[in-house]
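What follows is the residue order along each chain.
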Amino acid sequence: MIVAQPIAPYHLTPTRPPYVEVLVDCPGSEKLFTYAIPEELEVEPGDILSVPFGSQQVGAIAIGFRSSPPPDLDPTRIKAVDDIITRGFFPPHYWQLLEQVADYYYTPLMQVIRVALPPGLLQRSQRRIRLNPEAITPGAEQFLSPIARRVLALLQNGKSDHYSATYVQQKIPGASRGIRDLVQRNYAQSYLETPRPAQPKLKQAVILIDVSPIVYTELTKRQKEVLIILRRHGGELWLTDLLQIARTTRPTISNLERCGCLVVEGREVLRRERGVSVAADGAKDLTPAQSQALQQILQQSNYCEMLLHGVTGSGKTEVYLQAIAPILAQQKSVLILVPEIGLTPQLTDRFRARFGDRVFVYHSALSEGERFDTWRQMLTGEPQVVIGTRSAIFCPLPRLGLIVLDEEHDSSFKQDRPAPTYHGRTVAKWRAKLEDCPLILGSATPSLDTWLDCRQIHPQRHYLSLPERVQARPMPPIEIIDLRGELQRGNRSIFSLTLQQELRRLQETGKQGILFIHRRGHSSFVSCRSCGYVIECPHCDVSLSYHHTHEGASQLLRCHYCGYTRQHPRTCPECGSPYLKFFGSGTQRVMQELARNFPELNAIRFDSDTTRNKGTHRALLTRFAQGEAQLLVGTQMLTKGLDLPSVSLVGIVAADGLLNLSDYWAGERAFQTLTQVAGRAGRGDDPGRVILQTYTPEHPVVQAVQRYDYAEFVEAELEQREALDYPPYGRLLLVRLSSLDGELVEATAMQMGEMLQEDGARSGEYEVLGPVPATVLRVSDRYRWQILLKFPSQDRVELQGQLQRLRDVCPPKVRLAVDVDPLNFG
Ligand code: ADP
Ligand code: ZN
Ligand code: ZN
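If you're wondering where the values come from, they're calculated on a predicted model, not measured in any experiment.

The rules behind each value
- Residues numbered from 1 in each chain as written.
- Chains lettered and ligands numbered in written order.
- Predicted model: local features only at pLDDT ≥ 70, side-chain atom pairs only at ≥ 80, totals over all residues.
- Heavy atoms only, no water.
- Helix = DSSP H or I, 4+ residues; strand = E, 2+ residues; numbered from the N terminus.
- Buried < 20%, exposed > 50% of the residue type's maximum accessible area, 1.4 Å probe, protein only.
- Contact = heavy atoms within 4.5 Å.
- Areas by Shrake-Rupley, 256 points an atom, 1.4 Å probe, with all protein chains shown as cover.
- UniProt positions renumbered as here; feature names shortened; annotations may be inferred.
- Polar contact = N/O pair within 3.5 Å; in protein donor to acceptor, adjacent residues only side chain to side chain.
- Pairing = 2+ DSSP bridges.
- Axes fitted to C-alpha atoms, helices over the stretch in contact; angles between N-to-C directions.
- Phe/Tyr/Trp six-rings, centres within 6.5 Å; stacked < 30°, edge-to-face > 60°.
- Lys NZ or Arg CZ within 6 Å of the ring centre and 35° of its normal.

Engineer: Which parts of the structure should I look at to understand the overall build of the chain?
Structural biologist: Tallying secondary structure elements over the chain gives 25 helices and 34 strands in all. Across the 826 residues that make up the chain, the buried fraction comes to 53%. Partitioning the intrachain contacts of the chain with sequence separation of at least 6 by distance along the chain shows that 76% fall at a separation of at least 24. For the chain, the accessible area works out to roughly 37200 Å², and carbon and sulfur atoms hold 50% of it.

Engineer: Whenever I open this one, the UniProt feature "binding site: Zn(2+) 1" (unreviewed entry) in the chain confuses me. Can you help?
Structural biologist: UniProt annotation of "binding site: Zn(2+) 1" (unreviewed entry) refers to Cys528, Cys531, Cys572 and Cys575 when read in the numbering used here. These annotated residues cover 48 residues of sequence, and their C-alpha atoms lie no more than 8.6 Å from one another, placing them together at a single site. Tracing the backbone shows Cys572 in the loop between β25 (565-567) and β26 (580-583). Setting aside chain neighbours within four positions, we find Cys572 in contact with Cys528, Cys531, Tyr533, Ser577 and Leu580. Overall, the relative accessible area of 41% leaves Cys575 in the partly exposed class. Apart from the residues within four sequence positions on either side, Cys575 is in contact with Cys528, Ser530 and Cys531.

Engineer: Could you clarify how one ought to interpret the side chain of Asp410 in this entry?
Structural biologist: With respect to the secondary-structure elements, Asp410 resides in the loop between β17 (400-406) and α14 (424-435). Beyond its immediate stretch of four places on either side in the chain, Asp410 contacts Pro339 and Lys640.

Engineer: When you look at the side chain of Asp47 in this model, what are you seeing that I'm missing?
Structural biologist: Position of Asp47 among the secondary structure elements: in the loop between β3 (32-36) and β4 (48-53). Within the structure, the side chain of Asp47 is placed 2.8 Å from the backbone nitrogen of Glu44, a separation counted as a polar contact. The contact partners of Asp47, leaving out residues within four places of it in the chain, are Glu42, Ala60, Ile61, Ala62, Ile84, Thr86, Arg87 and Gly88.

Engineer: Help me understand the sheet that holds strand β34 (residues 815-820), please; the structure alone is not making it clear to me.
Structural biologist: Within a sheet, each strand pairs with its neighbour through backbone hydrogen bonds, oriented either parallel or antiparallel. In spatial order, the strands read β32-β33-β31-β34; together these four strands make up an open sheet with antiparallel pairing. Across the chains shown, the open sheet's two edge strands, defined by having one partner strand only, are β32 (767-779) and β34. Between one strand and the next, the sheet's axes are offset by a mean angle of 20 degrees, whatever the strand orientation. In this structure, β32 lies alongside strand β33 (residues 782-791), joined through seven bridges in antiparallel fashion. Counterpart to Arg778 in the pairing with β33 is Tyr783. Sheet contacts for helix α24 (residues 742-763): β31 (731-739), β32, β33 and β34; angle to β33, the most-contacted strand, approximately 10 degrees.

Engineer: For this particular structure, what's the right way to read the pairing of β33?
Structural biologist: In the case of a regular strand, side chains alternate between the two sheet surfaces. Burial runs high along β33: nine of the 10 residues are buried. Summarising the sheet, β31 and β33 pair through nine bridges and their orientation is antiparallel. Its bridge partner being in β33, Leu734 is matched across the sheet by Leu788. Between the antiparallel neighbours β32 and β33 lie two residues, among them Ser780 with a positive phi of about 50 degrees.

Engineer: Can you help me understand the packing of aromatic side chains in this one?
Structural biologist: By convention here, two paired aromatic rings are described through the distance between centres and the angle between planes. All told, the structure shown has 15 aromatic pairs when counted by the stated rule. Taken together, a centroid distance of 5.2 Å and an interplanar angle of 15 degrees make the contact between Tyr163 and Tyr167 stacked. Residue Tyr163 is classed as buried on the basis of its relative accessible area, which comes to 12%. Given the relative accessible area of 31%, Tyr167 is considered partly exposed. Centroid distance Trp451 to Tyr463: 5.7 Å. Interplanar angle 90 degrees. Geometry classified as edge-to-face. Pair noted here: Trp451 is in helix α15 (residues 448-455) and Tyr463 is in strand β19 (residues 461-466), with a separation of 12 residues, a long-range link. Three or more aromatic residues link up through ring pairs in this structure, and these residues are Trp451, Tyr463, Phe671, Tyr710 and Phe713. Geometry around Phe791 places Arg731 over its ring, the cationic atom sitting 5.8 Å from the centre.

Below you can see the structure in the form of C-alpha cells.
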C-alpha cells in the first residue's frame, strides 16, 4: 500500500517550536535527543520520524516540543529531523501515561515504551524513493546540487527502479538533502511503504459437506466422530481448531476430503485473533441488583472508580456488556483487562456474541504481525471493544469511554520482572484519569487495596454490589474435611472418603466436577529410595519435578524455575539403585490416582504443562464443556472465570499449600483463590457441592471461605495490615540483586543494605528489611538477594536519588532491579 506523504503546509505558523525531543530506536539508547524541525515538516508528538543518528538514519518517536535547545548543547551541532515516516501513532496524552509509569516505577522511558508499543514498530514503515524518468530532461543534472547529482546517479545506474531511503543514505552520507532537491524538482517521488503484508494471509478452513448415507456407513468410527464435531460447530472450523478439538490428524482430514465428506480451503484472514464463530446473543433481562448496578454505572461519564463486588456467578459480565453498548453508540471505545489469556476464550466469545466484529483481542501471546495490525486498527478511532491482558492498558484507543478490570484482585495484573514492574490496576487508574472516563473494578473477592479505597466516602469512588447469584441460585455449600482424621481412619489416599463418595456419585449421575490442586514449583520431586538422593537442577537450588504429559510421551524431569529439562534417569545418579520414587501431589499424581481408583471417570488435565500451546486452553475447555470428560483437574488456572453450568462438584485436594505461604498478603490470596475455585460449582440447576480438604480446618481463612464471609475476613485482615504498616496502608519497594558470583552479590547486598539503613534512619521515611537471600537462592546459576523497603504510608516518597546511589556502587557483574509495590517475593 502506498500512502501519500504529508504535504508541507502553505503557512508555517510562526509560533511553531523549532525543536523536538525524540526517542531514537537504537539498542542501548535510553535518553531523549533534541532535533531541529526543518521548516517544511510539521512534526507532532506521536509521529514516527527518521533522524540522523551517528552515521546512521534511524527511526525515532517524537515526544514533545522544545522552544530552545538544551543548555548543555551547542545549537549549531543540533541535527535536523530528516522526515516523518508515519503520523500519529498514539493519542495526544498517551505520553503522559508512559511518563507516569516510567516515573512511578523508576524505569527509563525507553523500557516503558518497549512494554507499551508493539514490537518492531519503528522499523516497519519504510520510506522509498522512485525516479520519474520522464520528468528528467537530458542535461538536467548540471543544475542540481552535488549531493543531488550523486543521488540521481545512484538511482539511474541501479538495477531496481526504487530504493529505500535508508539504502540511499547508507551509500551517500547526507543524501536526504539531495533527495529533497530531486523531489522538489519532481525528478523523483518519495513515498511511504507501510508494512502491510504483500499477500493476504490465508488460513485453512474445514467445511462440512452433506454426506450420502452410503459413504457414511463406510466411514470408521473415528472419522464419523470428526464429522459430528464439525457439525456441532456449525459445519465449519479452522483446520487447526478442528485438529485440536477432535484430537485428530491431518491425514484423517485428507481421507475425509477424498471421500467427499468435507473440503479444506484457504481463507483470507486479517491478522487479528479470531474466535471460532459464535452465535449472536442479545441483552438479558437483568436481576434487580444487576440493573441497579447498571444504572449507577450509566450515570457516570467522567473519571471515577467503581468497585463491582459481585459473588461468583452473580452476572458481572452481563453488567459490563450492557454498560458497554451505550458507549459504543456514543462512538467511543472500551478497554477490558482480564488476568490471563486462559480465561479469555469463554469471555471473548460472550463479547463477540454481543458486539460481533467490534471486539478485538490484544495480548503478548499474539504474533508480532497480529499485534501490529491490531494496533494500527485501533488508531482508526472506530468504536470498539478491546479485551486484553495487563499490557493492553497501553492500547492506543483514541476515544476511551470506559475501562473495565475484570477479576481485579488477580495478581497476574502485576508484572514482577522485567521493569517496569507495573500493576495493570494502578496504570488503569491513571489512564482513566487522563482520559476522564470511568473505571470499573470487578471481583467476587476484591483486593484489599480496592476495598479500602471504595468503602471510603469519596465523590469519585462508588461501591456497587451483586450479593446474590442470578436466578437466586444458592452459593454451593462448602464442606471442610480434616485430613488428619482421614489418616487416623486409615485412609492414605489423597482423596478423603467424602470426596471418594462424591467422585463415585459423579460416575453414576454423569455430572461434571473440578479438582483443584495448589502446586508450588518444587512441590514434586524424585528421590532415591536406597540412598535418599534428591535429583536437583544443576542451575538452581530446587529439585526437579517429574513430568509425564500423556501416554507414550517420554518421562522428563523439569526445573520450574529455569526450564532445564532432562530425561528421567533409570538409576540413581548417586548410588546406582534402580529404586527411584516420585513424590508430590501435583496434577499428575492426582491424575494417576484417579486412573487407579476411578478408571471409568474421564479426566482432562488443565495446567501449564497441558496448555502450553496457543489455542489449547480453548480446545481443552471445549472438550470438557461438550462432556467429553467428567473431571477437569488443574491448578490456579481453574479459578479464573470458568462458567460451566454442568459442574456440580468442586474438590480442593489440599488447601494447605496455599494457607502456609509466608508473604504479607498470603491470607488475602488464599481467601481469594479458594473462594474463586468454590465459585465454579453450582452454576446450573444443581446447587452443587464443594469439598475442601485441609490439615488445618480451624485456619481463619478456611473458616471465612466456608461462610462466604468476605467482609468479616477483610476487616480482620485490614486491622493486621494497618498495625504493621503493610499495604494498602503502607507501601513496599523491593530491591532485587542477582549475580553469577555468589559472594559478590552478597557483599553488594550488605553494602547497599547499610546505605539504605542509614538513609532510612536519617529521613525516617522508610524501614529496611533485609538484606536476605531470596527463598530460592540460586536460579539459572544466578545468586539472588533482596532488600525490602517499607514506607509507613501510601504517600509517595521520591527515591530517585537513593536508587541512583545504589546504581553507582553496584558492580557491573551484579544486576540491580527495583520492584515497586511487589507482590511476588520469590
Ligand atoms: P460472574 O462473572 O459474576 O461470575 P457471569 O457473568 O459469568 O457471573 O454470570 C453467570 C451466568 O449467569 C452466566 O452464564 C450468564 O450468562 C448468566 N446470567 C447473567 N446475568 C443473567 C441474567 N440477568 N439472567 C439470566 N442469566 C444471567
Ligand atoms: Zn541412590
Ligand atoms: Zn533450574
